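Reading the structure
Okay, here's what each chain looks like letter by letter:
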Amino acid sequence: MAIQTTTLEETARALVAPGKGILAADESSGTIKKRFDSIGVESTEESRRAYRDLLFTTEGAEDFVSGVILYDETIRQSSEDGTPFPKLLESKGVIPGIKVDMGAKDLANAPGEKVTEGLDGLRERLAEYHDLGARFAKWRAVIDIGPDIPSYTCIRVNTHALARYAALCQAAQIVPIVEPEVLMDGDHDIDRCYKVTELVLKTQFEELYFQRVALEGMVLKPNMVISGKKIKKPAGVEEVAEKTVRLLKNCVPGAVPGIAFLSGGQSDEEATAHLDAMNKIGHLPWRLTFSYGRALQHAPQTAWKGRAENVGAAQRAFSHRAKMNGLAAIGQWKADLEKKAA
Ligand code: 13P
């Protein structure tokens with residue numbers, strides 16, 4: 001069957017519609033357990049369902065959230081009233097998405113580096129997820145920066161797998177989110193991050209080209225160009241925005257409808273300020289928005305703490321972050337808006 005690029009393109013454009021971005025709520029059971037441990041909540045199928053329900057039923061979040069990335073367990077779960085999560089999201093005009101990679105595993109012959117697995121059987125899994133309502137997908141590769149890494153081996157195998165995943169998604173009428181994440185965990189400076197991300201994105205778009213992926217029907221999810229977390233003097237907001245935009249203009253074809261950043265361990269407000277500063281630069285060939293996990297969920301998780309009586313406060317916290325990032329996606333955020341809310 002020929003790929004219907006019009007549908008893929010419509011979905012991709014809707015995901016990056018002005019003033020909207022993506023909520024990444026696709027933490028694997030291991031990752032959500034870590035988040036729940038930090039707020040003293042036991043991770044059970046029911047506590048994970050209740051927490052996701054809280055996020056997805058937040059009134060008005062749909063004004064700022066175009067799509068939600070779900071995990072395999074979550075796409076099969078339902079809201080309190082029995083409505084399956086994908087149906088609930090659709091009823092609010094929010095596009096259901098699904099994480100399809102099987103995680104980053106040790107890469108042979110490359111000490112300290114990872115390769116993301118999950119291509120075997122992916123065609124069949126995508127068909128099932130489409131039946132369950134998913135219209136876009138996510139696959140994350142991780143590239144770490146250290147004294148002798150990343151190796152070209154790591155960059156090549158990860159971008160190759162991402163392109164194979166993207167091609168399979170489009171054949172299944174699912175928009176691929178292509179996420180080659182350069183981690184911000186080290187003590188490197190912003191210019192090292194620039195150089196590594198440049199090589200990763202150049203290689204990524206070469207792989208997408210060789211594997212015939214329609215750029216109009218995908219969304220790129222990159223890291224920002226940013227200092228390592230352990231550096232003493234991190235680059236400021238303007239420098240992050242200027243270098244990220246310069247890099248993306250050099251690496252990402254204008255045929256790509258939008259770029260939705262990951263937050264990657266930035267604080268909530270930093271992730272918003274950086275996105276806003278980039279959109280304030282303006283004159284961009286693609287839309288720049290968010291696809292945040294931690295930077296959207298840290299506030300609601302802290303407010304919730306697993307208690308039913310805190311659901312309202314958690315929803316207000318989530319709604320606030322969604323709105324702040326929605327404004328940042330059109331360059332209209334101001335730091336004062338955070339203070340007023342506090
Ligand atoms: P963070 O915003 O927490 O980096 O998560 C986004 C994501 O989906 C990572 O794959």
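We now turn to the structure provided with this report.

Reading the values: the criteria
Residues numbered from 1 in each chain as written. Predicted model: local features only at pLDDT ≥ 70, side-chain atom pairs only at ≥ 80, totals over all residues. Heavy atoms only, no water. Helix = DSSP H or I, 4+ residues; strand = E, 2+ residues; numbered from the N terminus. Buried < 20%, exposed > 50% of the residue type's maximum accessible area, 1.4 Å probe, protein only. Lys, Arg positive; Asp, Glu negative; His and termini not counted. Salt bridge = Lys/Arg side-chain N within 4 Å of Asp/Glu carboxyl O. Contact = heavy atoms within 4.5 Å. Near = heavy atom within 4 Å. Polar contact = N/O pair within 3.5 Å; in protein donor to acceptor, adjacent residues only side chain to side chain. Areas by Shrake-Rupley, 256 points an atom, 1.4 Å probe, with all protein chains shown as cover. Nonpolar A, V, L, I, M, F, W, Y, C, P; charged D, E, K, R; others polar. Pairing = 2+ DSSP bridges. Right-handed = clockwise from strand over helix to strand, strands pointing away. Axes fitted to C-alpha atoms, helices over the stretch in contact; angles between N-to-C directions. Parallel < 35°, antiparallel > 145°, perpendicular 65-115°, else oblique. Disulfide = S-S within 2.5 Å.

1. Quick look at the side chain of Glu 113
Mapped onto the elements of the fold, Glu 113 is located in the loop between β4 (104–106) and β5 (114–116). No salt bridge is formed by the buried Glu 113. Its closest oppositely charged neighbour is Arg 192, at 8.7 Å. Those residues in contact with Glu 113 that sit more than four places away from it in its chain are Lys 105, Asp 106, Leu 107, Ile 149, Pro 150, Ser 151 and Cys 154.

2. Quick look at the site of the ligand
Around the ligand lies a shell formed by Ala 24, Lys 138, Arg 140, Glu 179, Lys 221, Leu 262, Ser 263, Gly 264, Ser 291, Tyr 292, Gly 293 and Arg 294. Lys 138 places a side-chain nitrogen or oxygen 2.5 Å from an oxygen atom of the ligand. A distance of 2.5 Å separates an oxygen atom of the ligand from a polar atom in the side chain of Ser 263. Alone, the ligand offers 300 Å² of accessible surface; in the complex the protein occludes 92% of this. Of all elements in the fold, only β6 (136–143) and β10 (287–292) reach the threshold of two or more residues within the shell around the ligand. Here the shell around the ligand is composed, by residue class, of three nonpolar, four polar and five charged.

3. Description of the pairing of strand β9 (residues 258–261)
If a strand is regular, its side chains alternate between the two faces of the sheet. Burial of the side chains of β9 extends over both faces: Gly 258 and Ala 260 are buried on one face and Ile 259 and Phe 261 on the other. As paired elements, strand β8 (residues 219–220) and β9 share two bridges and run parallel to each other. Paired with Leu 220 across the bridge in β9 is Ile 259. For the segment spanning β8, helix α9 (residues 237–251) and β9, crossover handedness is right-handed. As paired elements, β9 and β10 share four bridges and run parallel to each other. Counterpart to Phe 261 in the pairing with β10 is Phe 290. Following the backbone out of β9, through helix α10 (residues 268–281) and into the adjacent parallel β10, one traces a crossover that is right-handed.

4. Some thoughts on the packing of α10 against helix α12 (residues 311–328)
Look at α10 against α12: their axes get within 8 Å of each other, and the N-to-C directions meet at 20°. Considering their axes alone, α10 and α12 lie roughly parallel with respect to each other. Between α10 and α12, the residues in contact are Asp 268, Glu 269, Ala 271, Thr 272, Leu 275, Asp 276 and Asn 279 and Arg 321, Met 324, Asn 325, Leu 327 and Ala 328, respectively.

5. Quick word on the sheet that holds β6
Here eight strands make up a closed barrel; going around it, the order is β1-β2-β3-β6-β7-β8-β9-β10 and the pairing parallel. Relative to β10, strand β1 (residues 21–24) is paired through two bridges, and the arrangement is parallel. Pairing of Leu 23 across the sheet is with Tyr 292, part of β10.

6. Quick look at the pairing of β6
A large share of β6 lies buried, amounting to seven of its eight residues. The sheet contact formed by strand β3 (residues 95–99) and β6 spans three bridges and is parallel. From the neighbouring strand, Ile 98 faces β6, where its bridge partner is Ala 137. Relative to strand β7 (residues 175–182), β6 runs parallel, the two sharing eight bridges.

7. Topic: the environment of Gly 121
Mapped onto the fold, Gly 121 is located in the loop between β5 and α6 (122–131). A relative accessible area of 38% means that Gly 121 is categorised as partly exposed. Considering only alpha carbons, one finds Gly 121 and Gly 258, 137 residues apart in sequence, at a separation of 28 Å.

8. Quick word on the state of the cysteines
As enumerated under the stated definition, the model contains zero disulfides in all. The structure places no disulfide on Cys 154, whose sulfur is separated from the nearest cysteine sulfur, that of Cys 193, by 14 Å. According to the relative accessible area criterion, Cys 154 is buried, its value standing at 1%. Among the cysteines around Cys 193, which has no disulfide bond, Cys 251 carries the closest sulfur, lying 12 Å off. Accessibility expressed as a relative area gives 2% for Cys 193, which makes it buried.

Fair warning: the whole summary comes from geometry, so function is off the table for now.
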